[in-house]
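Descriptive structure summary
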Amino acid sequence: MWLARAWNASRVPSSFGALELGTADFGRGVPSGAHHHTHGVGVDALHGPSGKPDVRVQLVAEHADVTLPSGKRIEALTFNGRVPGPELRVREGDLVEVALDNRDVREGVSIHWHGVDLPNAEDGVSGVTQDTVRPGGSYVYRFRASIAGTYWYHSHQHSSEEVERGLYGAFVVEPRAAPRVVDVIALAHTLNGRALLGSSDGEQHRHVPAGVAVRLRLVNSDSTITSFALAGTSFRVVAIDGREKRGGGPLTGVTVPVPAGGRYDLAFRMPPTPVRLALHDEAVGMVLDPGGGAPVPTARFGPSFDPGTYGVAAAPVPAHFDRRFRVDLGRRIGFFGGGLKLARQWTINGKTYPHMPMYMVRAGETVEFDFSNRSGIAHPMHLHGHHMLVFARDGRRVRSWWVDTLEVNPGERYSVAVFAKNPGVWMFHCHNLPHAAHGLVTHVGYDGVTTPFRMGSATGNDPE
Ligand code: C2O
Ligand code: CU
């Protein structure tokens, strides 16, 4: 009986809207009787600014074989024939226009601008903010790059497969008054089981003159945390997830763990001897070499960097929250998506997909989310369209920092503040993408905003 009921409850319709699944959760703190409107503006009306773009980019999604420096050949999915896709650099304040063309990716493609808090119709989620782009089709994204920082982009159609196979790249918004720095992106990925840093599966060397300022942008496009170490210099962590982290002192021998989807910017002045960036347990890496023949230092993976005790608070903790939400991550045995096999299911507040709580907010509110994790495994929780101000861990205040992707380890509790000022239907999911594909997905919905797009087997839209 239980089995029959559990199986029935796991069934997903072949076509559904993001806000039709799940159970609306209005949070604590909302006066009873304050109900939400189910009609209003559609997400497809929430576009970026019109006008002449400052930067125009074309990204063509296509199958291509890529040859890695080791000689290994991999059948990949690519943007413009490369893995990762082109490194996109724009200036703060630029109006960016990106034309996505799908040449031959049969399952369809979209582009999500991870960490960029842009208008909802530009968010690139198949079945939520647009229809997937089929072979021969295209979609134009337009948005203002308003905050300097390190971001990345990736397909949000079948993302658990398409990102892994190569449909991703780095996106950097440089400050308007660009300081003179050597600016290096270190983008970690695993392509077909092979560790990559940028486009290389080995150690790269790069000449950097002694004395210059270096900004090293660590990006993790993998589904699990990646640990970096920097040897041969002290450094400061100056930004996390595209937001500045101010006032931090120099660090040495510290491991920098970057969650799936996360970015950490490190800064240092190039010493007269080489500096090595290493990844834990991987042969990939990068040597910055001023010349002169001094030996390259060996990386030491010391204690892990803790943003909660480093530098100064990024912002004050709001004195009042309009709503408070619980996000209790767990697991149980059950059926998934109407399938016949009993397997491990992810839960939020005890509910499995497709009955996850959907978090409903109103524009202008200040909202608290309280995370906990009893699932026995880490979940890097990513909220689209907003940054989250992390202000407490395990019930104790920390020096607040901004994230768009928060690693919630088993047994940990976090409190974050979100300022609801970007109306839309926003995906909120685990960035361990196979977890998301297995149902660890929900949405934050705004009062009066609906989506005309649909997902499910009959629609061709499958964001995860
Ligand atoms: Cu980087 Cu919804 O993802
Ligand atoms: Cu997860």
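Residues numbered from 1 in each chain as written. Chains lettered and ligands numbered in written order. Predicted model: local features only at pLDDT ≥ 70, side-chain atom pairs only at ≥ 80, totals over all residues. Heavy atoms only, no water.

1. Digging into the overall build of the protein chain
Counting its secondary structure elements, the protein chain contains three helices and 34 strands. Here the C-alpha atoms of the protein chain give a radius of gyration of 22 Å, agreeing with the 23 Å that 2.2 N^0.38 yields for 464 residues. Across the 464 residues in the protein chain, those meeting the buried criterion constitute 58%. A fraction of 75% describes how many contacts in the protein chain between residues 6 or more apart in sequence connect residues 24 or more apart. Accessible surface for the protein chain amounts to roughly 18600 Å². Of this, 51% is attributable to carbon and sulfur atoms. Charged side chains in the protein chain number 47 positive and 45 negative. The centres of these two groups are separated by 4 Å. (Helix = DSSP H or I, 4+ residues; strand = E, 2+ residues; numbered from the N terminus. Rg over C-alpha atoms; globule rule 2.2 N^0.38 Å. Buried < 20%, exposed > 50% of the residue type's maximum accessible area, 1.4 Å probe, protein only. Contact = heavy atoms within 4.5 Å. Areas by Shrake-Rupley, 256 points an atom, 1.4 Å probe, with all protein chains shown as cover. Lys, Arg positive; Asp, Glu negative; His and termini not counted. Charge placed at Lys NZ, Arg CZ, Asp CG, Glu CD.)

2. Brief notes about the pairing of strand S9 (residues 149-154)
Counting buried positions over the six residues of S9 gives six, a clear majority of the element. Along S9, one buried face is formed by Gly149, Tyr151 and Tyr153 and the opposite face, lined by Thr150, Trp152 and His154, is buried too. Inspection of the sheet shows strand S7 (residues 112-114) paired to S9 by three bridges, in the antiparallel sense. Note on S9: the bridge partner recorded for Trp113 is Tyr153. The pairing of S9 with strand S10 (residues 168-174) spans six bridges and is classified as antiparallel. In the strand pairing of S10, Tyr153 is matched with Gly169. (Pairing = 2+ DSSP bridges.)

3. Points about the coordination of the copper ion (ligand 2)
In this structure, His379 (ND1), Cys430 (SG) and His435 (ND1) serve as the protein donors to the copper ion (ligand 2), at separations of 2.0 to 2.1 Å. Counting gaps between the donor residues of the copper ion (ligand 2) yields the pattern H-x50-C-x4-H. Here His435 lies in helix H3 (residues 433-437) and His379 lies in strand S27 (residues 379-383), a separation of 56 residues in the sequence. (Donors = N, O, S within 2.8 Å, 3.2 Å for Na, K, Ca; no water.)

4. As for the sheet that holds S27
Ordered by their spatial adjacency, six strands build an open sheet running S1-S25-S33-S32-S27-S30, and the pairing between neighbours is mixed. The sheet is open, and its two edges are formed by strand S1 (23-25) and strand S30 (405-408), each paired on a single side. In this sheet, neighbouring strand axes are inclined to one another by 25 degrees on average, regardless of whether the strands run parallel or antiparallel. For S27 and S30, the ladder comprises four bridges, and the chain directions are antiparallel. Its bridge partner being in S30, Pro380 is matched across the sheet by Glu407. (Axes fitted to C-alpha atoms, helices over the stretch in contact; angles between N-to-C directions.)

5. Thoughts on the domain arrangement of the protein chain
Partitioning the protein chain into structural domains gives domain 1 (2-36 + 315-450), domain 2 (55-174) and domain 3 (182-309). Between the C-alpha centres of domain 1 and domain 2 the distance comes to 25 Å. Across the contact, 20 residues belong to domain 1 and 17 residues belong to domain 2. Overall, the association of domain 1 and domain 2 removes approximately 1300 Å² of surface from exposure, summing both partners, and the carbon and sulfur fraction of that is 57%. (Domains from an automatic or database assignment. Buried area = accessible area lost by both parts, 1.4 Å probe.)

6. Details of the sheet that holds strand S5 (residues 88-91)
The strands that make up a sheet pair up through hydrogen bonds in the backbone, lying either parallel or antiparallel. The strand order across the open sheet built from four strands is S5-S10-S9-S7, with neighbouring strands paired in mixed fashion. Looking at the sheet topology across the chains shown, the edges are occupied by S5 and S7. For this sheet, the mean inter-axis angle between neighbouring strands, taken without regard to orientation, is 25 degrees.

7. Let's talk about the environment of Leu46
Its place among the elements puts Leu46 in the loop between strand S2 (41-42) and strand S3 (55-67). C-alpha of Leu46 to C-alpha of Ala294: the two residues are 248 residues apart in sequence and 55 Å apart in space. Excluding residues that lie within four positions of it along the chain, Leu46 makes contacts with Val41, Pro119, Asn120, Ala121, Glu122, Pro423, Gly424 and Val449.

8. Observations concerning the pairing of strand S33 (residues 441-446)
Within S33, six of the six residues are buried, leaving the element largely enclosed by the surrounding structure. Burial along S33 is two-sided: Val441, His443 and Gly445 and Thr442, Val444 and Tyr446, pointing in opposite directions, are all buried. Pairing between strand S25 (residues 357-361) and S33: three bridges, direction parallel. In the sheet register, Tyr359 faces S33, and the bridge partner there is Val444. Bridge analysis of strand S32 (residues 425-430) against S33 gives five bridges, and the strand direction is antiparallel. Directly across from His429, in S33, lies its bridge partner Val441.

9. Focus on the nonpolar core
Membership of the largest hydrophobic core comes to 75 residues, with the highest contact counts inside it found for Leu218, Phe369, Phe371 and Leu406. Tallying contributions element by element places S32 first for this core, with five residues. Residues lining this core come from more than one domain, with at least three contributed by each of domain 1 (2-36 + 315-450) and domain 3 (182-309). Discounting chain neighbours no more than four positions away, the residues touching Leu218 are Ala186, Phe228, Val256, Val258, Gly262, Arg263, Tyr264, Leu266 and Leu277. Judged by nonpolar contacts, the second largest core, of 28 residues, contains Val55, Val109, Tyr139 and Tyr153. (Core = buried A, V, L, I, M, F, W, Y, C linked by side-chain atoms within 4.5 Å.)

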